[in-house]
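# Analysis of the macromolecular model
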Amino acid sequence: MSTTISDSAQTPETGTARVKRGMAEQLKGGVIMDVVTPEQAKIAEDAGAVAVMALERVPADIRKDGGVARMSDPDMIESIMDAVSIPVMAKARIGHFVEAQVLQAIGVDYIDESEVLTPADEVNHCDKWAFTTPFVCGATNLGEALRRIAEGAAMIRSKGEAGTGNVVEAVRHLRQIKNDIARLRGLDHHELYAAAKELRAPYELVKEVAELGRLPVVLFSAGGVATPADAALMRQLGAEGVFVGSGIFKSGDPAKRAAAIVKATTFYDDPKVVAEVSRNLGEAMVGINCDTLPETERYANRGW
Amino acid sequence: MTDEAPVIGVLALQGDVREHLTALAAAGAAARPVRRPEELAAVDGLVLPGGESTTISKLAVLFGVMEPLRARVRAGMPVYGTCAGLIMLAEKILDPRAGQETVGGIDMIVRRNAFGRQNESFEAAVEVKGLDGGPVEGVFIRAPWVESVGAGVEVLAEYDGHVVAVRQGNALATSFHPELTGDHRVHALFADMVRTSRAPESL
C-alpha cells in the first residue's frame, strides 16, 4: 500500500498532556470503583466500571483503623492489574513523589495523589509533569483545582469526605467549583489578573477557564457516593463521572449496587431509570454525619 | 446530494462524547447524543466514541440499543468508531471479557489494549489513505489494533506494522482519537460518507 508508514519514520511520544488528559476523557460518563482484592475488581468490571482504584483498605476502614495510611503493596496492586482489563488506578500520599514513582514503575494507569492517605508533605504536592503516568487530584474549589492542574494533574475530582457515605461535602465542592467558574465567566479581561491572585492560581489557567467555561481537564465527583441517586445527583451538578469508594463494597449486595450506580451514572437525567435501579438494593453503607467529624479527621483539609 | 446538514449521532453511554459532538459540528454535521433506540432511529449516521469497550457494550445491551444498532449497521447506516468504537465494530475480539458483545460491521479481528497500558499511550503522525493535507496527529490511548482483516476491508492506515484505520463500505474505524486533536478531517470524511449514503432518499 502506497501510504503505509515506514516503521523508522515515527518516534512515538509518550506521557504528553494530550495523552494524559485524553485518557481521562475516555472515562467520562463512567464509574471508578475502589477495590481491595482481585475478586472485587472483577465484580466491579462485570458491573460496568470504567476503571478501578486498587487499595489495601477502603476509606471507611482507613477512618476506623486510624494510624498512617500509605501507598498499597505493589503485589496487591499488580494482582488487581492482572485480574481485570479496565484501567487500574492507585493512590500515593500527597507530596510523596517516591510512592508515585513506584506506582509508575509498576505500570498503573492513573495515580491518585490522595488526601485519603496521610500527607507526606504539608507544603508541596508532587510535580506531576515529571511523570509519564497521569495524575488525578482532589479539589474543594477552583483555585485548588487550578493549582493541581498547574502542577500537572490531568484530571480533577472533588474531595468529598471519603469513607463517610455522606455526599454533602462532594456536593459543596462541585457547587463551589461551578460557582467559581461562573463568576470568572462574568469578569472582563482586566479583572482576570486580580481573580488569578484571589484564586492563588496561574493567570494563564484562569484565563483558559474563563474562556472555556469549564476546567481544561475532566472533572469527576469523589467522596460519599453510596446510592444510584447520589451518583445521578453528582452528574446533574456537573461531574463528568463518579468515583465510588466504600459505598459499594461496604454495602449488602456489592454486585447489584455497583451495576445500579453505573446505570444511574449514564442515565443521570432520567429519574425513571434512577428509580428502577434503586429498587431492592439491600443495605447501603451505614454512613457518618460530616458535622460530627472533628476537624482533624476531615480529609478535605489535606492539600494546599 | 442535499445541502442540509446530515444528522449524526454519537453513542452517549460512556466515553469522550463531547469531543466527537464538537468535531462533527465543525465538520458541518448536525450532531446529537444518542442513548435510546428512538434517538438512534432519528440519525443518518452514528459515531461510536472512545471509552471503555466493556462498559459501553454492557450498557448498550442493558438499555436495548445493541440490537437496533446492529440492525441499522446491517442495513447500511454509516458508522465511525474510535478506539473502543473500533472494538465495537469488529466482528471478533481476540481477547474479549466474559459477555462482551460487539455490534460488528467490519470483517476484522481486533486486539484490545494492544499498544499497552497508559504509560505506553502515545502520539505519532499517521498517514491516512484518502485524506489530503498530510498525516493526522494520531493520539493512541491504551489503544487496540486490528489483528487481521477480511477481503472486503480497506486498510486506511498502519502504524509500526499494525493496522490502525480501516473502512468497509459505510463503516469506518480508527484505533486513534482524531476528536482529541482539533483536526476534523477524519470527521469530515465521515460526514461525507453520511451525506453520500442518504443522497438517494433525499433526491
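Residues numbered from 1 in each chain as written. Chains lettered and ligands numbered in written order. Predicted model: local features only at pLDDT ≥ 70, side-chain atom pairs only at ≥ 80, totals over all residues. Heavy atoms only, no water.

Going by the annotation in an unreviewed UniProt entry, the name recorded for chain B is Pyridoxal 5'-phosphate synthase subunit PdxT, with Streptomyces thermogriseus given as the source organism. Of the comments in the UniProt record for chain B, the one headed Function (unreviewed entry) reads "Catalyzes the hydrolysis of glutamine to glutamate and ammonia as part of the biosynthesis of pyridoxal 5'-phosphate. The resulting ammonia molecule is channeled to the active site of PdxS." As stated in UniProt under Subunit (unreviewed entry), the record for chain B gives "In the presence of PdxS, forms a dodecamer of heterodimers. Only shows activity in the heterodimer." (UniProt positions renumbered as here; feature names shortened; annotations may be inferred.)

In the annotation of an unreviewed UniProt entry, the entry for chain A reads Pyridoxal 5'-phosphate synthase subunit PdxS, and the organism field reads Streptomyces thermogriseus. Recorded in UniProt under Pathway (unreviewed entry), the annotation for chain A is "Cofactor biosynthesis; pyridoxal 5'-phosphate biosynthesis." Its UniProt record, at the heading Subunit (unreviewed entry), says of chain A: "In the presence of PdxT, forms a dodecamer of heterodimers."

### Structural notes on the UniProt feature "binding site: D-glyceraldehyde 3-phosphate" (unreviewed entry) in chain A
Annotation from UniProt places "binding site: D-glyceraldehyde 3-phosphate" (unreviewed entry) at A:Arg175. Structurally, A:Arg175 can be placed in helix α7 (residues 168-185). (Helix = DSSP H or I, 4+ residues; strand = E, 2+ residues; numbered from the N terminus.)

### Points about the UniProt feature "active site" (unreviewed entry) in chain B
According to UniProt, the "active site" (unreviewed entry) feature falls on B:Cys83, B:His177 and B:Glu179. Across 97 residues of sequence, these annotated residues stay compact in space, with a maximum C-alpha separation of 11.0 Å. Here B:Cys83 shows up in the loop between β4 (79-82) and α5 (84-89). The class for B:Cys83 is buried, based on a relative accessible area of 5%. By the element assignment, B:Glu179 lies in the loop between β12 (171-174) and α6 (185-202). Discounting chain neighbours no more than four positions away, the residues touching B:Glu179 are A:Gln26, B:Asp16, B:Glu19, B:His20, B:Gly50, B:Thr82 and B:His187. (Buried < 20%, exposed > 50% of the residue type's maximum accessible area, 1.4 Å probe, protein only. Contact = heavy atoms within 4.5 Å.)

### What about the interface of chain B and chain A?
Of the residues lining the interface, 47 residues belong to chain B; the matching set on chain A comes to 52 residues. Summed over both sides, the interface between chain B and chain A buries roughly 4,000 Å², with carbon and sulfur atoms accounting for 49% of that surface. If you look at where chain B meets chain A, you find ten salt bridges. In this structure, the salt-bridge partner of A:Lys28 is B:Glu19, at a minimum N-O distance of 2.8 Å. (Buried area = accessible area lost by both parts, 1.4 Å probe. Salt bridge = Lys/Arg side-chain N within 4 Å of Asp/Glu carboxyl O.)

### Quick look at unusual backbone geometry
Positive phi is not limited to glycine here, since A:Asn280 has a value of about 50 degrees. Tracing the backbone through its elements, the reader meets A:Asn280 in the segment after α13 (271-278). Non-glycine residue B:Asp160 carries a positive phi angle of around 55 degrees.

### A closer look at the packing of helix α4 (residues 74-83) of chain A against helix α5 (residues 97-106) of chain A
Residues and elements named next belong to chain A. Where α4 meets α5, the axes come as close as 11 Å, and the angle between the chain directions of the two elements is 35 degrees. Two packed elements cross with a definite hand, and for α4 against α5 that hand is right-handed. Every residue of α5 that contacts α4 at Pro74, Ile77, Glu78 and Met81 is listed here: Val102, Leu103 and Ile106. Residues belonging to the contact of α4 with α5 are distributed by class as follows: six nonpolar, no polar and one charged. (Axes fitted to C-alpha atoms, helices over the stretch in contact; angles between N-to-C directions. Left-handed = near helix turned anticlockwise from the far one by under 90°. Nonpolar A, V, L, I, M, F, W, Y, C, P; charged D, E, K, R; others polar.)

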